[in-house]
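Listed here are the chains, written in short residue letters.
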Amino acid sequence: MNRIRLYLHRLFRRPAITGPMRLYTRRVPDGVFLDLEEYLVHVIETLADDPDAYALFLELADDRSVSREHDGWEPEKLLMEKLALVVGYEVPVRGAALTRLVGKLRAAAPAATVVAVPAQRGAGAA
């Protein structure tokens, strides 16, 4: 059933923001999913088109495939940071698109419930 909902969402979706990268939202009962498909395509195309980025990715994959005891040194974190700098790790949201996104996220946020806590009785207090 969830798969059918996802397919329907992808067929009839409208972007929450359209530029510079399209960003989609999908409401769920307790929040929202951010669909970053266009950003993922950007990352994959960057890896495929940039030989340096691809080499970093392969080095990271090779490093993670080697099993070793954990000694506190994690070289893959450094490789991941280098790769993130090459590929990018932020989705730009500016101006009117930011206002539309805020509206969508605010609408999807669950309503805050206020719980009244009764005051304690002062009979036993000195």
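Placed above this text is the structure.
Let us look at the structure shown here. (Residues numbered from 1 in each chain as written. Predicted model: local features only at pLDDT ≥ 70, side-chain atom pairs only at ≥ 80, totals over all residues. Heavy atoms only, no water.)

This part takes up the overall build of the protein. For the protein, the count of helices and strands is five helices and two strands. N-terminal to C-terminal, the α/β element order of the protein is α-β-β-α-α-α-α. Relative to its full complement of 126 residues, the protein shows a buried share of 21%. Looking at the protein alone, contacts between residues at least 24 apart form 48% of all its contacts between residues at least 6 apart. Split by element, the accessible area of the protein, about 10,300 Å² in all, is 59% carbon and sulfur. (Helix = DSSP H or I, 4+ residues; strand = E, 2+ residues; numbered from the N terminus. Buried < 20%, exposed > 50% of the residue type's maximum accessible area, 1.4 Å probe, protein only. Contact = heavy atoms within 4.5 Å. Areas by Shrake-Rupley, 256 points an atom, 1.4 Å probe, with all protein chains shown as cover.)

Turning our attention to the environment of alanine 108. In this structure, alanine 108 sits in helix H5 (residues 95-108). Note: C-alpha distance between alanine 108 and proline 29 (79 residues apart in sequence) is 8.4 Å. Those residues in contact with alanine 108 that lie beyond four places of it in its chain are Arg27, Gly31 and Val32.

This next bit is on the side chain of threonine 46. Among the secondary structure elements, threonine 46 is positioned in helix H2 (residues 37-49). Of the polar contacts made by the side chain of threonine 46, one reaches the backbone oxygen of histidine 42; its length is 2.8 Å. Leave out the neighbours within four places in its chain, and threonine 46 touches Ala53, Val86 and Val87. (Polar contact = N/O pair within 3.5 Å; in protein donor to acceptor, adjacent residues only side chain to side chain.)

Bringing the nonpolar core into the picture now. Membership of the largest hydrophobic core is limited to 10 residues, which are Met21, Tyr39, Val43, Leu47, Ala53, Leu56, Leu60, Leu79, Leu83 and Val87. Apart from residues lying up to four places away in sequence, leucine 83 is in contact with Leu47, Ala53, Leu56, Phe57, Leu60 and Gly88. (Core = buried A, V, L, I, M, F, W, Y, C linked by side-chain atoms within 4.5 Å.)

Before going further, it helps to examine H5. Under the 1.5 Å per step criterion, the end-to-end length of H5 is 20 Å for 14 residues, consistent within 8% with the ideal 20 Å. Against the buried residues of H5 lie strand E1 (24-28) and strand E2 (31-35). (Expected span 1.5 Å × (residues − 1).)

A cluster of nonpolar side chains, namely Leu34, Leu36 and Leu105, defines an oily patch on the protein surface of about 230 Å² accessible area. Residue position: leucine 34 is located in strand E2. A relative accessible area of 45% means that leucine 34 is categorised as partly exposed. (Patch = residues over 30% accessible without salt bridge, like charges linked within 9 Å, V, L, I, M, F, W, Y side chains within 5 Å. Salt bridge = Lys/Arg side-chain N within 4 Å of Asp/Glu carboxyl O.)

Our focus in this paragraph is H2. Owing to its 3.6 residues per turn, the α-helix aligns residues three or four sequence positions apart on the same side. The end-to-end C-alpha separation of H2 is 18 Å, in line with the 18 Å expected for 13 residues at 1.5 Å each. All of the buried residues in H2 are Tyr39, Val43, Thr46 and Leu47. Along the axis of H2, the buried positions cluster into a sector of 100°, meaning they face one direction only. Within H2, the exposed residues directed more than 90 degrees away from the buried face are Ala48 and Asp49. (Arc of directions from axis to C-beta.)

The pairing of E1 with E2 spans five bridges and is classified as antiparallel. Pairing of valine 28 across the sheet is with glycine 31, part of E2. In textbook terms, the turn of a hairpin is the stretch between consecutive antiparallel strands, and for E1 and E2 this stretch comprises two residues. (Pairing = 2+ DSSP bridges.)

Now for the environment of threonine 25. With respect to the helices, strands and loops of the structure, threonine 25 is situated in strand E1. Spatially, the C-alpha atoms of threonine 25 and leucine 105 are 8.3 Å apart, while their sequence positions differ by 80 residues.

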